[in-house]
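# Tertiary structure, described
Read off the chains here:
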Amino acid sequence: MATSETPTRGYTATKDQLGTRLRRIEGQVRGIERMVEDDRYCIDILTQISAIQAALDKVALGLLDGHVRHCVAEGSQEGKSEMMSTELMAAVGRLMRRG
């Protein structure tokens, strides 16, 4: 009988913290929806959007850190350094292009 083992990801050790942060961000997004429904001042809404973007950036940096420390390091040991580096830099490029 074959067993399918869940792969260990760079964020596995902090998965609970990551989930908590993402739920907090989700709540902030719902808060913006309520602000729009309540006809709140534009600048106040934009301030909240900026806070959400900062929170998402922090999540992204944490994921990148975990990816480098775990996935890229593991790939390097398996002889996949070039492929992993290319993949990592493409992901960083996508994160930097927003806006």
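Residues numbered from 1 in each chain as written. Predicted model: local features only at pLDDT ≥ 70, side-chain atom pairs only at ≥ 80, totals over all residues. Heavy atoms only, no water.

Going by an unreviewed UniProt entry, the protein carries the name Metal-sensitive transcriptional regulator and comes from Actinomadura logoneensis. Reading the Sequence similarities (unreviewed entry) entry of the UniProt record for the protein gives the comment "Belongs to the CsoR family." (UniProt positions renumbered as here; feature names shortened; annotations may be inferred.)

## Points about the packing of helix α2 (residues 42–77) against helix α3 (residues 81–96)
Two numbers describe how α2 lies on α3: the axes approach to 9 Å, and their chain directions differ by 170°. For the element pair α2 / α3, the angle class is roughly antiparallel. Contacts from A60, L64, H67, V68, C71, V72, G75 and S76 in α2 reach S81, M84, E87, L88, V92 and L95 in α3. Residue composition of the contact of α2 with α3, by class: nine nonpolar, four polar and one charged. (Axes fitted to C-alpha atoms, helices over the stretch in contact; angles between N-to-C directions. Helix = DSSP H or I, 4+ residues; strand = E, 2+ residues; numbered from the N terminus. Parallel < 35°, antiparallel > 145°, perpendicular 65-115°, else oblique. Contact = heavy atoms within 4.5 Å. Nonpolar A, V, L, I, M, F, W, Y, C, P; charged D, E, K, R; others polar.)

## A word on the pattern of salt bridges
For the coordinates displayed, the defined rule picks out three salt bridges. A salt bridge links R30 to E26; its shortest N-O distance comes to 3.4 Å. One end of the pair is R30 and the other is E26, both in helix α1 (residues 15–37) and four residues apart, which spans about a single turn. The class for R30 is partly exposed, based on a relative accessible area of 40%. (Salt bridge = Lys/Arg side-chain N within 4 Å of Asp/Glu carboxyl O. Buried < 20%, exposed > 50% of the residue type's maximum accessible area, 1.4 Å probe, protein only.)

## Side note on the packing of α1 against α2
At a closest axis distance of 10 Å, the pairing of α1 and α2 adopts a crossing angle of 165°. Put simply, α1 runs roughly antiparallel to α2. Between α1 and α2 lies a crossing whose hand is left-handed. Between α1, through L18, R21, L22, I25, Q28, V29, I32, M35 and V36, and α2, the contact on the second element is made entirely by D44, I45, Q48, I49, A51, I52, A55, L56, K58, V59 and L63. (Left-handed = near helix turned anticlockwise from the far one by under 90°.)

## As for the nonpolar core
Grouped together as the largest cluster of nonpolar side chains are seven residues: L18, I25, I32, M35, I45, I52 and V59. Secondary-structure elements contributing two or more residues to this core are α1 and α2. Among all residues touching V59, those that are not within four sequence positions of it are L18, R21, L22 and I25. (Core = buried A, V, L, I, M, F, W, Y, C linked by side-chain atoms within 4.5 Å.)

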